[in-house]
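# Fold and contact review
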Amino acid sequence: MKRQKLFVLAGLVVVLGLLVYFPGRKLARAHVNYMTAAEDHPLLCLNCHLYKKSDGIIYKLVNKDYLSPYNTAVSNDGTQLYVVAQDANELLVTDIEKKQILQHIPVDNHPHSIVLTNDGNIAYVSNQWADNVSVVDLANGTVTDTLETGNGPSGITLSKDEKFLFVVNTFSSDLTVIDLNKKKEIKRLPAAFDPAGIAVSPDGGKVYVSGRRGNMVPYGEPLVTEVIEYDAQKQRVKNVIGVGSAYLMENISFTPSGDLALLSLIRPKNLVPMVQVERGWMMNHGIGIIEQGENGRVIQLLLDEPNAYYSDPYDVVVTPDGKKAFVSSSGVNTISVIDLEEIRTILKEYTREQLDYFANDLAFSRKYVVKRIPTGACPKGMSISKDGSRLYVAEQLEDRIAVIDVDLLEPLTTIDLGGPEKITVARKGRRLFVNAGGTFQHQYSCYTCHPDYHEDGLVYNMAGKDMGRNVTNTQSLREINGTAPFKWNGKNQTVYKQDGMRFSTVLTRTEAFCYPDLDALTSFILTGIKNPPNLMYNKTGELTASQKRGKEIFERSVDGNGKEIPENGRCVTCHPAPFYTNFKLADVGTLAESDDSIQFDTPHLNNIFASPPYLHDGRAQTLEEIWTLYGGEDEHGVVNDMTKMELNDLINYLKSLRSASYELQKEKALNASL
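Everything in this summary refers to the structure shown in the same document. For clarity, every value in this text was computed on a predicted model and none was experimentally measured. (Residues numbered from 1 in each chain as written. Predicted model: local features only at pLDDT ≥ 70, side-chain atom pairs only at ≥ 80, totals over all residues. Heavy atoms only, no water.)

### Structural notes on the environment of F524
For the record, the criterion: Helix numbers and strand numbers start at the N terminus; a helix is a DSSP run of H or I with at least 4 residues, a strand a run of E with at least 2. The contact criterion used throughout is that any non-hydrogen atoms of two residues lie within 4.5 Å.
Relative to the assigned elements, F524 resides in helix α10 (residues 515-527). Excluding residues within four positions of it along the chain, F524 makes contact with A426, G429, R430, F433, Y453 and I529.

Next comes the structure, spelled out in structure tokens:
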């Protein structure tokens, strides 16, 4: 009897297995084909159902906590290196000779940059997602004070007399001036759009702050990004320097003599069809040079060379003797070495018209780029020892520091910072995201158009069936898990489709990612990109009185005249919490003459304040313009009954929206309390 039961049980298992294998495999194959837009992607269920978890136990099991070094500073005696570990929220104190971490000093959320006092006793660390600066006593290895700043502090420097601390606020596009005796902010000065880099001139007389986004202009007009010059003593804006056809000016440095200021920059060609990537016309990468003194010019020279591009330049540093400059290109894992004496000769010998021509000449870089030094994954911030003998490079996605001999221009060694040895699927995906190896001649990476894994504020001609039609605004990639479909036209139901064969056909003009790489890239995009906390418009999570009134307008069903609003004319119908999208296509009356007759995917509104310009083609520079300039027919929600104050309240509410993860946590906590 027992044997018969075993036979029956075995038979049932076999039958069940056959039922699962044949119809189940067929269904699984159809599902994977739909998700990936391919017919031969491996049937590996774990790739989707394990590595796309953004939180919880499974997420913790398959992911690791990395350090991700971002910026560095070296001690005066050259024995210690201070490393900002962005993902660990720490300042690492490193013994250079022993290659050991001496201390892990906790700072605040998402630290960005560091500056040391001249005596080497104090470090100031900007915390970009906490809106403050940590004051670190390096002798004791403790944070002794916290200084409040504007929104999104990044670049940071001291005045020459060390009485004031200048802090760049990226998210609020301004500059905080802190009196270090009073330990508080005394001024808030306007800065360039989305600034990050900062430098004080050697004589202490001026401060430069570089913008990353260009000034918003209608599609078709040339891009201009600004450097703001401040009088360091009077602490006020002295000059606005426009840098044409360039953006993402991440960092800036002066030469020791003060004759030049150097910028890292990108020269985008967003006004030409994307198919021109094959001719080297889509992205160029280089440096900006601001001549000091009367009638100083702004010159741009490329790092690129024929058939080889050096994408996503981040930091630029100058040797103490002023003869060499180093530029880290995080998209190709390379440091470019620039002969500044040759640069000075070029500036003397050529006219302005000739130099403007050379700004697009790929062959000209051979005159001043003397060496390319390879690094590990994603080189970011650099620092040079006081004696000028060593260059230290933060290899962000290796969790280590590269040490380079400045005289020999050769790598000497590396310093392992002790991050996890295992490279998880998401970490591999992040490396792919920031690397330009997947595009034709390495012209750009995913990060180029999505800096900080967000968006660059530019509108591109994506080269559809008719050149110049259907231009589109770059969309943010922050916390897009659960917000499918993707693209403004909603054609891509999954990230696999977005970044697979269609991506390579239109954007990269190379072979598509192999399936393991595509799985890793998708995993990172859906799990590893977080929204910064909305500390500008909703610091505590509590709405202001104006925002509460705006919320009522957002959710209203009756207009100001007592008339019922049709369901498709209510904001909340298409934009319900927590993602503030209904995941459907709609016609809101925003088609342009250059657009095909299509409907648009309803975008999510999480952290919408951080994503100007707006609408599919970026025509609205502000949220207000969506309705004041482009909503006159009430096709994009009923708004024309509102007073100006009511529209202000609605906009204030929209700016208060935080990430979907925050909304879900709030909802979970509310349900638990009931």
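Let us keep going from here.
### Here's the deal with the sheet that holds strand β15 (residues 224-231)
Selection criterion: DSSP bridges decide pairing: two strands pair if at least two such bridges lie between them. Fitted lines through C-alpha atoms serve as axes, helices being fitted only where they are in contact, and the angles separating the N-to-C directions of these axes extend from 0 to 180 degrees.
The strand order β13-β14-β15-β16 describes an open sheet built from 4 strands, whose pairing is antiparallel. Unpaired on one side and paired on the other, β13 (195-200) and β16 (236-244) mark the two borders of the sheet. Adjacent strand axes in the sheet meet at a mean angle of 20° when their direction is disregarded. Bridge count between β15 and β16: 8 bridges; the pairing is antiparallel. Pairing of D231 across the sheet is with R236, part of β16.

### Concerning the sheet that holds strand β21 (residues 313-318)
An order of β21-β22-β23-β24 is seen for the 4 strands of this open sheet, with the pairing classed as antiparallel. Taken across any chain shown, the strands that pair with only one partner, and hence form the sheet edges, are β21 and β24 (369-374). Along the sheet, successive strands turn relative to each other by an average axial angle of 20°, direction set aside. Alignment of β21 against strand β22 (residues 324-329), held across 4 bridges, turns out to be antiparallel. Counted as the bridge partner of P313 is S329 from β22. Contacts from helix α4 (residues 340-349) reach β21, β22 and β23 (334-339), with the element oriented near 55° to β23.

### Focus: the pattern of salt bridges
Pairing is possible between side chains that carry opposite charge, provided their charged atoms lie close to one another. Quick reminder of the rule: We define a salt bridge as a side-chain nitrogen of Lys or Arg found within 4 Å of a carboxyl oxygen belonging to Asp or Glu. Accessibility here uses a 1.4 Å probe with only protein chains present; expressed as a share of the type maximum, an area under 20% marks a residue as buried, one over 50% as exposed, and anything in between as partly exposed.
Following the criterion strictly, the structure yields 26 salt bridges and no others. Residue D145 pairs with K183 through a salt bridge whose shortest N-O separation is 3.7 Å. Here D145, found in strand β8 (residues 142-148), pairs with K183, found in the loop between β11 (174-179) and β12 (184-190); they are 38 residues apart in sequence, far enough to count as distant. Judged by its relative accessible area of 25%, D145 falls in the partly exposed class. With relative accessibility at 52%, the residue K183 sits in the exposed group. Between E229 and K206 there is a salt bridge, and its shortest N-O distance comes to 3.9 Å. Placement of E229 in strand β15 and of K206 in strand β14 (residues 206-211) is noted, with a sequence separation of 23 residues between them. With respect to class, E229 is no different from K206; both count as buried. Among the charged side chains, a salt-bridge network with shared partners connects D194, R212, E250 and D452.

### Concerning helix α6 (residues 425-434)
In terms of burial, α6 is largely enclosed, as 7 of its 10 residues are buried. Taken together, the buried positions of α6 are A426, R427, G429, R430, L432, F433 and V434. For α6, the secondary structure elements touched by its buried residues are α7 (446-449) and α10.

### As for the pairing of strand β20 (residues 298-302)
Judged by how many residues are buried, β20 sits mostly within the fold: 5 of 5 residues are covered. Residue alternation in β20 divides its side chains into two sets, V298, Q300 and L302 and I299 and L301, and both sets are buried. Relative to β20, strand β19 (residues 283-291) runs antiparallel, the two sharing 5 bridges. Within β20, the position partnered with G288 by the bridge is Q300. Between β19 and the antiparallel strand that follows it, β20, lie 6 residues; G293 among them carries a positive phi value of about 95°.

### A few points about the packing of aromatic side chains
This is how the line gets drawn: Between the rings of Phe, Tyr and Trp (Trp by its six-membered ring), a pair exists once the centres lie within 6.5 Å; its type follows the angle of the planes, with under 30 degrees stacked, over 60 edge-to-face, and the other angles tilted. Only when the NZ atom of a Lys or the CZ atom of an Arg is both within 6 Å of the ring centre and within 35 degrees of the ring normal do we say a charge sits over the ring.
Taken as a whole, this structure holds 15 aromatic pairs when the rule is applied. A centroid spacing of 6.1 Å and a plane angle of 65° characterise the contact between F579 and F583, whose relative ring orientation is edge-to-face. These aromatic residues form a ring-pair network of at least three members: Y350, Y357, F358, F364 and Y368. One Lys or Arg, R372, reaches over the ring of Y310 and ends 3.6 Å from the middle of that ring.

### Points about the side chain of E250
Secondary-structure assignment places E250 in the loop between β16 and β17 (252-254). Apart from the residues lying within four places of it in its own chain, the contact partners of E250 are A196, G197, S210, R212, S264, P313 and Y314.

### Quick look at the packing of α6 against α10
Put simply, the rule is: Any angle that is under 35 degrees is reported as roughly parallel, and any over 145 degrees as roughly antiparallel; angles of 65 to 115 degrees are reported as roughly perpendicular and all others as oblique. Charged means Asp, Glu, Lys or Arg here, nonpolar means Ala, Val, Leu, Ile, Met, Phe, Trp, Tyr, Cys or Pro, and polar covers whatever is left, Gly included.
Contact geometry of α6 with α10 gives a least axis separation of 7 Å together with a crossing angle of 95°. One element, α6, and the other, α10, form an angle in the roughly perpendicular class. Counting all contacts with α6, which are made through V425, A426, K428, G429, R430, L432 and F433, the residues of α10 involved are P516, D517, D519, A520, L521, S523, F524, I525 and T527. Here the contact of α6 with α10 is composed, by residue class, of 9 nonpolar, 3 polar and 4 charged.

### Digging into the nonpolar core
Rules: Joining through side-chain atoms within 4.5 Å is the link that ties buried Ala, Val, Leu, Ile, Met, Phe, Trp, Tyr and Cys residues into a set, and such a set is a nonpolar core.
Counting 37 residues, the largest nonpolar core has Y247 and F433 as its most contacted members. Looking at which element gives the most residues to this core, the answer is α10, with 6 residues. Residue contacts for Y247: discarding those within four places in its chain leaves R212, G214, L223, T225, L265, I266, P268, M283, T448, D456, L458 and Y460. Formed by 26 residues, the second largest nonpolar core is a distinct cluster that contains L260, V316, I346 and Y368.

### Overview of the side chain of S336
With respect to the element layout, S336 can be found in strand β23. Judged by relative accessible area, which is 0%, S336 ranks as buried. Non-local contacts of S336, meaning those with residues more than four positions away in its chain, are made with L303, Y310, A325, F326, V327, V369, K371 and R372.

### Notes on helix α14 (residues 644-656)
We count it as follows: Residue count minus one, scaled by 1.5 Å, sets the expected span of a helix.
Its 13 residues give α14 an end-to-end C-alpha distance of 18 Å, which sits within 8% of 18 Å, the value for a rise of 1.5 Å per residue. Every buried residue of α14 is accounted for by L647, D649, L650, I651, Y653, L654, K655 and S656. Buried residues along α14 sit in contact with α11 (545-554) and α13 (623-628).

### Quick word on the pairing of β15
The buried count for β15 comes to 6 of 8 residues, which makes it a mostly enclosed element. Pairing of β14 with β15 involves 5 bridges; the strand directions are antiparallel. Across the sheet, Y208 pairs through a bridge with E229, a residue of β15. Taken together, β15 and the strand that follows it, β16, pair antiparallel across an intervening segment of 4 residues, in which Q235 is found at a positive phi of about 55°.

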